[in-house]
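One letter stands for each residue in the lines below.
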Amino acid sequence: MSTDENAGPITSGCPSCRPFVTIHSETGEISFNPEYYLTGHFSKFIDRGAWRIHSSNVESTDNIRNVAFLNPDGSKVMVVLNNSDIRIWNG
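The following paragraphs examine the structure supplied in this document.

**Some thoughts on the side chain of T22**
- You can see T22 is positioned in strand β2 (residues 21-23).
- Within polar-contact distance, the side chain of T22 engages the side chain of N33 at 3.2 Å.
- Those residues in contact with T22 that sit more than four places away from it in its chain are T3, D4, E5, E29, I30, S31 and N33.

**Section: the pairing of strand β5 (residues 64-70)**
- For strand β4 (residues 51-55) and β5, the ladder comprises four bridges, and the chain directions are antiparallel. Counted as the bridge partner of S55 is V67 from β5.
- Here seven bridges tie β5 to strand β6 (residues 76-82), and the two strands are oriented antiparallel to one another. Bridge assignment links N66 to a residue of β6, and that residue is V80.

**Observations regarding the sheet that holds β4**
- What the three strands build is an open sheet, ordered β4-β5-β6; its pairing is antiparallel. Since the sheet does not close on itself, it has two edges, and those belong to β4 and β6, each with one partner. Geometrically, the sheet is characterised by an average inter-axis angle of 20° between neighbouring strands, direction not taken into account.

**Focus on the packing of aromatic side chains**
- Considering all chains together, one arrives at three aromatic pairs under this definition.
- Taking the centre distance of 4.5 Å and the plane angle of 50° together, the rings of F32 and Y36 count as tilted.
- Overall, the relative accessible area of 40% leaves F32 in the partly exposed class.
- Among the residues examined, Y36 registers a relative accessible area of 37% and is labelled partly exposed.
- Aromatic rings pair up to connect F32, Y36 and Y37 into one cluster.

The rules behind these values
- Residues numbered from 1 in each chain as written.
- Predicted model: local features only at pLDDT ≥ 70, side-chain atom pairs only at ≥ 80, totals over all residues.
- Heavy atoms only, no water.
- Helix = DSSP H or I, 4+ residues; strand = E, 2+ residues; numbered from the N terminus.
- Polar contact = N/O pair within 3.5 Å; in protein donor to acceptor, adjacent residues only side chain to side chain.
- Contact = heavy atoms within 4.5 Å.
- Pairing = 2+ DSSP bridges.
- Axes fitted to C-alpha atoms, helices over the stretch in contact; angles between N-to-C directions.
- Phe/Tyr/Trp six-rings, centres within 6.5 Å; stacked < 30°, edge-to-face > 60°.
- Buried < 20%, exposed > 50% of the residue type's maximum accessible area, 1.4 Å probe, protein only.

In short, geometric facts, not functional conclusions.
Have a look at this one:
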């Protein structure tokens with residue numbers, strides 16, 4: 001969940017994964033990475049005890065990835081990543 005400014009220590013599980021926070025060894029300063037804010041944004045909708053009910057797991061040809069959860073109260077949550085060059089804006 002955190003690494004130093006040199007992305008260490010590196011584990012064999014995911015050597016290219018970025019941490020949620022970076023702790024600078026000289027100053028002790030903490031930097032919050034985009035993953036920290038992204039997880040905070042959607043995790044408030046996924047309740048404790050939720051079940052994952054769907055996941056695209058791999059990038060599709062249209063570069064849309066998703067994961068869906070069923071909360072204990074019966075509500076459903078889907079998180080979608082549009083990793084394509086196509087942007088839709090109706091604002």
